[in-house]
Amino acid sequence: MTAIEYHFELGEVQAGDLRGFFEGWPNPPQPETHLALLQRSDEIVLAVESSTKRIVGFVNVLSDRVLTAYIPLIEVLPEFRGRGIGAELIRLALERVSDIYMVDVTCDPDVQAFYESLGFTKSTGACVRRYEHQSGAPDC
Ligand SMILES: CC(C)(COP(=O)(O)OP(=O)(O)OC[C@H]1O[C@@H](n2cnc3c(N)ncnc32)[C@H](O)[C@@H]1OP(=O)(O)O)[C@@H](O)C(=O)NCCC(=O)NCCS
């Protein structure tokens, strides 16, 4: 099994290095939009295959740096799932905001067990989704 390293900066990453994500999204962001959202995030963790330098997973965090942080997106490429990468991404993301009171994530019920295994508590919430903007805001 190939080794995975974790990076907290984009470094030389370009849009073309971000292929294969947003699996199943009807109107997915383009790699350029994916790069933009990572650039604008407060924290990111990238999972990188050591041998190829391919990006195989990512998580991003938005935070006011006072009380609240939010994890909008986490994804591991399908062929790399089930080997602890997602768990490590979340563990490292939580570490990046370890002094923040609230760290929230919104997810489908079938993924709640994943977060619970990482110390999260189930919660209820509400959200707005503007599907006409699913691929990214107009200036992206
Ligand atoms: C959710 C996701 C990030 C997990 O990544 P992963 O690298 O496969 O997860 P791990 O291998 O670290 O799994 C950690 C644990 O969570 C469990 N788990 C993983 N995905 C799960 C899921 N979808 N539902 C429930 N449990 C899950 C694993 O079985 C494992 O449990 P174990 O330690 O008892 O074996 C990955 O499945 C993914 O990218 N899914 C598509 C995008 C997505 O759903 N993102 C979450 C949106 S909120």
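Note: the structure precedes this text.
No experiment lies behind these values; they were computed from the predicted model shown.

The rules behind the values
- Each residue is numbered by its place in its chain's sequence as written, counting from 1.
- Local features in this predicted model are restricted to residues whose pLDDT is 70 or higher, and side-chain atom pairs enter the listing and the counts only when it is 80 or higher, whereas totals over whole chains, interfaces and linings include all residues.
- With hydrogens and water stripped out, all remaining heavy atoms of the structure feed into the side-chain values.
- Definition used for salt bridges: Asp or Glu carboxyl oxygen within 4 Å of a side-chain nitrogen of Lys or Arg.
- Strands here are runs of E lasting at least two residues and helices are runs of H or I lasting at least four, both read from the DSSP assignment and numbered beginning at the N terminus.
- The cut-offs for exposure are 20% and 50% of the maximum accessible area for each residue type, with area from a 1.4 Å probe on protein chains only; residues under the lower value are buried, those over the upper are exposed, and the others partly exposed.
- Pairing of N or O atoms within 3.5 Å defines a polar contact, subject to two protein rules: one partner must be a possible hydrogen donor and the other a possible acceptor, and residues neighboring in sequence count only if both atoms are side-chain atoms.
- Whether two residues are in contact is decided by their heavy atoms, any of which lying within 4.5 Å being enough.
- Pairs were defined over the aromatic rings of Phe, Tyr and Trp, the Trp ring being its six-membered one, requiring ring centres within 6.5 Å. Orientation was assigned from the angle between planes: stacked under 30 degrees, edge-to-face over 60, tilted for the rest.
- The rule is short: NZ of Lys or CZ of Arg within 6 Å of the ring centre and within 35 degrees of the ring normal puts a charge over the ring.
- Two strands pair under a simple rule: DSSP has to find at least two bridges between them.
- Here an axis means a line fitted to C-alpha atoms, over the contact stretch when the element is a helix, while the angle between two N-to-C directions is reported on a 0 to 180 degree scale.

1. Side note on the pattern of salt bridges
- Evaluated as defined, the whole model comprises eight salt bridges.
- Across the salt bridge formed by Glu-43 and Arg-96, the nearest N and O atoms sit 3.0 Å from each other. On the criterion of sequence distance, the pair formed by Glu-43 in strand E2 (residues 43-49) and Arg-96 in helix H2 (residues 85-96) is long-range, its members being 53 residues apart.
- Of the charged contacts in the structure, one is a salt bridge between Glu-75 and Arg-81, with a shortest N-O distance of 3.8 Å.

2. Thoughts on the side chain of Glu-43
- A residue is classified by how much of its surface remains accessible, and Glu-43, at 12% relative accessible area, is buried.
- Polar contacts involving the side chain of Glu-43 include one to the side chain of Arg-96, which spans 3.0 Å.
- Residues in contact with Glu-43, not counting those within four places in the same chain, are Val-59, Asn-60, Val-61, Arg-65, Arg-96 and Val-97.

3. Overview of the packing of aromatic side chains
- All told, the structure shown has five aromatic pairs when counted by the stated rule.
- Pairing Phe-22 with Trp-25 gives two aromatic rings, centres 4.9 Å apart and planes at 75°, and the pair type is edge-to-face.
- Residue Phe-22 is classed as buried on the basis of its relative accessible area of 4%.
- Exposure remark for Trp-25: the relative accessible area of 30% places this residue in the partly exposed category.
- Between Phe-22 and Phe-58, the ring centres sit 6.2 Å apart and the planes meet at 50°, which makes this aromatic pair tilted. Residue Phe-22 is located in the loop between strand E1 (4-7) and helix H1 (31-39), and its partner Phe-58 is located in strand E3 (residues 55-63); the two are separated by 36 residues in the primary sequence.
- Site record: aromatic cluster; members linked through ring pairs are Phe-21, Phe-22, Trp-25 and Phe-58.
- Against the face of Phe-8 rests Arg-96, its NZ or CZ located 4.1 Å from the ring centre.

4. A word on the sheet that holds strand E4 (residues 68-76)
- Sheet architecture is open: five strands sit in the order E1-E2-E3-E4-E5, paired in mixed fashion. Each edge of the open sheet is held by one strand with a lone partner, namely E1 and strand E5 (102-104). With direction set aside, neighbouring strand axes in the sheet form an average angle of 20°.
- H1 rests against E2, E3 and E4 of the sheet, and its axis sits at about 45° to E3.
- The strands that H2 touches are E1, E2, E3, E4 and E5; relative to E4, the one it contacts most, it runs at about 160°.

From the geometry alone we can't say anything about function, so treat these as descriptive.
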